[in-house]
Amino acid sequence: VLTALNVPTLQAGESFVSYKIMPRHTNAHAYVNAAFRIRLDANGVVQGLPVIVYGGIAAFACLASRTAAYLVGKKLSDPATLSGAMTMLQSELVPDSPPVASSAAYRISLACALLYKTIISLVDASPRVKSAGQPYVRALSSGQDSYDTDPAEYPVSQPAPKLEALI
């Protein structure tokens, strides 16, 4: 029985980001969930131990502790740091293979992509890659159908308003 839950506030320079990757926006199980809590100093160097957690990789949540330890004291904007973190994460995560889940390779690639997205969102990245860290905002969609009628074919294509429409 859960009797209490304490959610700490973020410290200065600390960021929290979470993602849920799913086949559609609603009523779908996630392929992969991810949450990141990282504290950076003014120079973009990781301070303290970050928290990197994934869901959907295995039966239980996966804490990427080796990847987090690798990032401590490193500058996130350094390409070598990013490359090393990706390599570490790929070796650290061990996916299971349930019959209804997406492939293990796909889920690992999603996990790496979410770490990349998080890092890019936290650093002053070049304009060429900056959009990778920005949330995607889907515009409101709408649709309209229009059908032409041919009076020569009446009554086949003649419009017939429903009686309920007049109520």
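Residues numbered from 1 in each chain as written. Predicted model: local features only at pLDDT ≥ 70, side-chain atom pairs only at ≥ 80, totals over all residues. Heavy atoms only, no water.

**Considerations on the overall build of the protein**
When helices and strands are counted, the protein shows 4 helices and 4 strands. Listing each helix as α and each strand as β along the protein from the N terminus yields β-β-β-β-α-α-α-α. For 167 residues, the compact-globule estimate of 2.2 N^0.38 gives 15 Å, and the protein exceeds it by more than 25% at 24 Å. For the protein, with 167 residues in total, the buried portion stands at 28%. Here the analysis covers contacts within the protein between residues at least 6 apart in sequence; of these, 42% occur between residues at least 24 apart. Accessible surface, the protein as shown: approximately 11800 Å² in total, 57% of it carbon and sulfur. Of the side chains in the protein, 13 bear a positive and 11 a negative charge, and the two mean positions are spaced by 15 Å. (Helix = DSSP H or I, 4+ residues; strand = E, 2+ residues; numbered from the N terminus. Rg over C-alpha atoms; globule rule 2.2 N^0.38 Å. Buried < 20%, exposed > 50% of the residue type's maximum accessible area, 1.4 Å probe, protein only. Contact = heavy atoms within 4.5 Å. Areas by Shrake-Rupley, 256 points an atom, 1.4 Å probe, with all protein chains shown as cover. Lys, Arg positive; Asp, Glu negative; His and termini not counted. Charge placed at Lys NZ, Arg CZ, Asp CG, Glu CD.)

**Considering the packing of aromatic side chains**
Per the stated rule, a full pass over the model turns up 3 aromatic pairs. Taking 6.2 Å as the distance between ring centres and 70° as the angle between the ring planes, the aromatic pair formed by Tyr19 and Phe36 counts as edge-to-face. Residue Tyr19 is located in strand 1 (residues 14-21), and its partner Phe36 is located in strand 2 (residues 32-40); the two are separated by 17 residues in the primary sequence. Considered together, Tyr19 and Phe36 belong to a single accessibility category, that of buried residues. Look at Tyr31 and Tyr106: their rings are 5.6 Å apart centre to centre, the planes differ by 85°, and that puts the pair in the edge-to-face class. With Tyr31 in the loop between strand 1 and strand 2 and Tyr106 in helix 3 (residues 104-122), the pair connects residues that are 75 residues apart, well separated along the chain. We classify Tyr31 as partly exposed; its relative accessible area is 28%. The exposure class assigned to Tyr106 is partly exposed, which follows from its relative accessible area of 35%. These aromatic residues form a ring-pair network of at least three members: Tyr19, Phe36 and Tyr54. (Phe/Tyr/Trp six-rings, centres within 6.5 Å; stacked < 30°, edge-to-face > 60°.)

**Re the packing of helix 2 (residues 79-92) against helix 3**
Think of two packed helices as two axes; the pair is described by the angle between the axes and how far apart they sit. Two elements in contact, helix 2 and helix 3, have axes separated by 10 Å at closest approach and are oriented at 150°. When the interaxial angle is binned, helix 2 and helix 3 end up roughly antiparallel. Crossing geometry of helix 2 relative to helix 3 is assigned as right-handed. Touching Leu82, Ala85, Met86, Leu89 and Gln90 of helix 2 are Ile108, Ala111, Cys112, Leu115, Tyr116 and Ile119, all from helix 3. (Axes fitted to C-alpha atoms, helices over the stretch in contact; angles between N-to-C directions. Parallel < 35°, antiparallel > 145°, perpendicular 65-115°, else oblique. Left-handed = near helix turned anticlockwise from the far one by under 90°.)

**Looking at the sheet that holds strand 2**
Strand order in the open sheet formed by 4 strands is 1-2-3-4, and the pairing between neighbours is antiparallel. The open sheet has two edge strands, strand 1 and strand 4 (62-63), and neither has a second partner. Summarising the sheet, strand 1 and strand 2 pair through 8 bridges and their orientation is antiparallel. Note on strand 2: the bridge partner recorded for Ser15 is Ile38. Against the sheet, helix 3 contacts strand 1, strand 2 and strand 3 (46-55), and its axis sits at roughly 30° relative to strand 2. (Pairing = 2+ DSSP bridges.)

**A look at the nonpolar core**
Counting 31 residues, the largest nonpolar core has Tyr54 and Leu115 as the members making the most contacts within it. The set of elements that each furnish at least two residues to this core consists of strand 1, strand 2, strand 3, helix 1 (65-71), helix 2 and helix 3. It is helix 3 that contributes the most residues to this core, 8 residues altogether. Aside from chain neighbours lying at most four places away, what touches Leu115 is Phe36, Ile52, Tyr54, Thr67, Ala85, Met86 and Leu89. (Core = buried A, V, L, I, M, F, W, Y, C linked by side-chain atoms within 4.5 Å.)

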